[in-house]
Amino acid sequence: MKGIIIAAGYGARCLPVTKTIPKEMLPLGCVPAIQFIVDEFIKSGISEIIIVSSRRKKALEDYFDREVELESVFFAEGKTSFLQKIKPPPVNIAFVHQQKMMGTGHALLQVKNLVGNSPCVVAYPDDLHMGERPLTGQLISEYEKTGCSVLASVEEPGDVSRYGVLSLSPDGKVSSIVEKPAPGSEPSHEISIGRFLFTPEFFDYIEEGWHLHVLKAESEARTPGEYYHIYALNKLMEAGKVVRKRIEGIRLDTGDPAGYLEAVLRYADTQPSLRPVLDRFFASRK
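Here we summarise the structure given alongside this text.

Basis of the calculations
- Residues numbered from 1 in each chain as written.
- Predicted model: local features only at pLDDT ≥ 70, side-chain atom pairs only at ≥ 80, totals over all residues.
- Heavy atoms only, no water.
- Buried < 20%, exposed > 50% of the residue type's maximum accessible area, 1.4 Å probe, protein only.
- Helix = DSSP H or I, 4+ residues; strand = E, 2+ residues; numbered from the N terminus.
- Pairing = 2+ DSSP bridges.
- 1 Å grid on protein atoms, 1.4 Å probe; cavity = no way out; pocket = protein on both sides within 12 Å on 5 of 7 lines; lining within 4 Å.
- Points joined across faces, edges and corners; volume = space filled by probe spheres on them.
- Phe/Tyr/Trp six-rings, centres within 6.5 Å; stacked < 30°, edge-to-face > 60°.
- Expected span 1.5 Å × (residues − 1).
- Contact = heavy atoms within 4.5 Å.
- Axes fitted to C-alpha atoms, helices over the stretch in contact; angles between N-to-C directions.
- Parallel < 35°, antiparallel > 145°, perpendicular 65-115°, else oblique.
- Left-handed = near helix turned anticlockwise from the far one by under 90°.
- Salt bridge = Lys/Arg side-chain N within 4 Å of Asp/Glu carboxyl O.
- Core = buried A, V, L, I, M, F, W, Y, C linked by side-chain atoms within 4.5 Å.
- Polar contact = N/O pair within 3.5 Å; in protein donor to acceptor, adjacent residues only side chain to side chain.

Quick look at the pairing of strand β11 (residues 190–198) now. Among the 9 residues of β11, 9 are classified as buried, and the element is accordingly described as predominantly covered. In the sheet, strand β6 (residues 120–123) pairs with β11 via 4 bridges, with the strands oriented antiparallel. What sits directly across from C120, in β11, is F198. Inspection of the sheet shows strand β8 (residues 149–155) paired to β11 by 5 bridges, in the antiparallel sense. Bridge assignment links V150 to a residue of β11, and that residue is L197.

Here you go:
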């Protein structure tokens, strides 16, 4: 099973830093966000990872490559702990460039031939996870029980009008996703988050939907706009082949400045070297 990370977007909500630094490289402590996803994949048994990126994000490729000059310096100085920190992860990582920013469905279409006839886990690096069981591993366990595609979800007791909200059939499967429902019209308070396990047929539907998307644009004499994966997901849901896994652990939403700050604080709270800084700061606010 392969892991796919969608990391080609502009990160506009986190400007100006994302003008030159990929949003996926913004750190929690000293660890870039994308490293948390890679670690999650590794802990879940995935050894082949595809990162969908763009030409603007060469820093991602450099980060997962060897840094020979630093290795030489640290080796000569006997700084073995530093060597471990810059060592590339023990997995195969391939990069695919999305030539135009045309939506997540188009991004996933770029990797269809690389995935092959196997299920895969797709991660959006805005959503990080903290918990004893890695989130990807939770989705894999659910797939092994059901044979279905699996959506990661959380229960949101408050306003869900900013999210994709799950509608569940009597047998517990996902029958539809309502995007950004008006307050009071939501089918549930269970929201989909950025982690999915897709069975191979998903990519056939992605391709089918893309062709329809292009034909519609041509019939209207316009350039095709952004294409998302909802067409393929709807096809699977219509066939009763989608379930959800309510996640164990904490979801961190780093997609905007407020969510990113909360993620930094939550992470710092788990680190013995950083927790005293939080304690001193909040003590000074009293």
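There's plenty left to go through after this.
What follows concerns the layout of surface pockets. Of the voids in this model, the largest pocket is the one considered here, and its volume is about 1,400 Å³. If you list the elements that add at least two residues to the lining of the largest pocket, you get α5 (104–109), β10 (174–179), β11, α9 (230–238) and β13 (250–253).

Moving on, we come to the packing of aromatic side chains. Following the criterion strictly, the structure yields 9 aromatic pairs and no others. Taking the centre distance of 5.5 Å and the plane angle of 10° together, the rings of F196 and F198 count as stacked. For F196, a relative accessible area of 5% gives the class buried. F198 gets classed as buried once you look at its relative accessible area, which sits at 0%.

The next thing to look at is helix α10 (residues 257–269). Helix length check: α10, at 13 residues, gives a terminal C-alpha distance of 18 Å against a target of 18 Å (1.5 Å per residue), a fit within 8%. Those residues of α10 not exposed but buried are G259, A263, Y267 and A268. Looking at the buried residues of α10, the elements they touch are β2 (27–28), β3 (31–32), α1 (33–43), β7 (127–130), β13 and α11 (275–284).

Now for the packing of helix α8 (residues 201–219) against α9. Each pair of packed helices can be described by the angle between their axes along with the distance between the axes. The N-to-C vectors of α8 and α9 enclose an angle of 125°; their axes lie 8 Å apart at closest approach. Taken together, the axes of α8 and α9 are oblique relative to one another. As α8 packs across α9, the resulting crossing turns out to be right-handed. Only Y231, A232, L233, K235 and L236 of α9 make contact with α8, whose side of the interface consists of E201, F202, Y205, I206, E208, G209 and L212.

Enumeration according to the criterion identifies 24 salt bridges in this entry. Among the ionic pairs, D62 bridges to K58, the shortest N-O distance being 2.9 Å. Of this pair, D62 and K58 both sit in helix α2 (residues 58–63), 4 residues apart, which is roughly one turn of the helix. Here D62 falls in the partly exposed class, since its relative accessible area comes to 43%. Close ionic contact of R275 with D279 constitutes a salt bridge, the shortest N to O distance being 2.8 Å. Residue R275 and its partner D279 are both found in helix α11; the two are separated by 4 residues, about one turn of the helix. Judged by relative accessible area, R275 falls into the partly exposed class, the value being 36%. The network of salt bridges with shared partners includes E155, E190, R244 and R246.

Here we take up the nonpolar core. I5, I34, F41, I49 and I51 are the most contacted members of the largest nonpolar core, which totals 36 residues. A per-element tally of this core places α1 first, with 5 residues. If we skip the residues at most four places from it in the chain, I49 touches G3, I5, V38, F41, V91, N92, I93 and A94. By size, the runner-up hydrophobic cluster in this structure holds 31 residues, among which are V122, L151, Y227 and L233.

Here L15 and P16 are connected by a cis peptide whose omega angle stands at 10°. In this fold, P16 is placed in the loop between β1 (2–6) and β2. The phi angle at A221 is positive, at roughly 55°, despite the residue not being glycine. As for its placement among the helices and strands, A221 is situated in the loop between α8 and α9.

For E24, the location among the structural elements is in the loop between β1 and β2. The exposure class assigned to E24 is buried, which follows from its relative accessible area of 5%. Looking at E24, its side chain comes within polar contact range of the side chain of K57, at 3.0 Å. Ignoring any residue separated from it by four or fewer positions in sequence, one finds E24 in contact with A7, P32, A33, I34, K57, L60 and P125.

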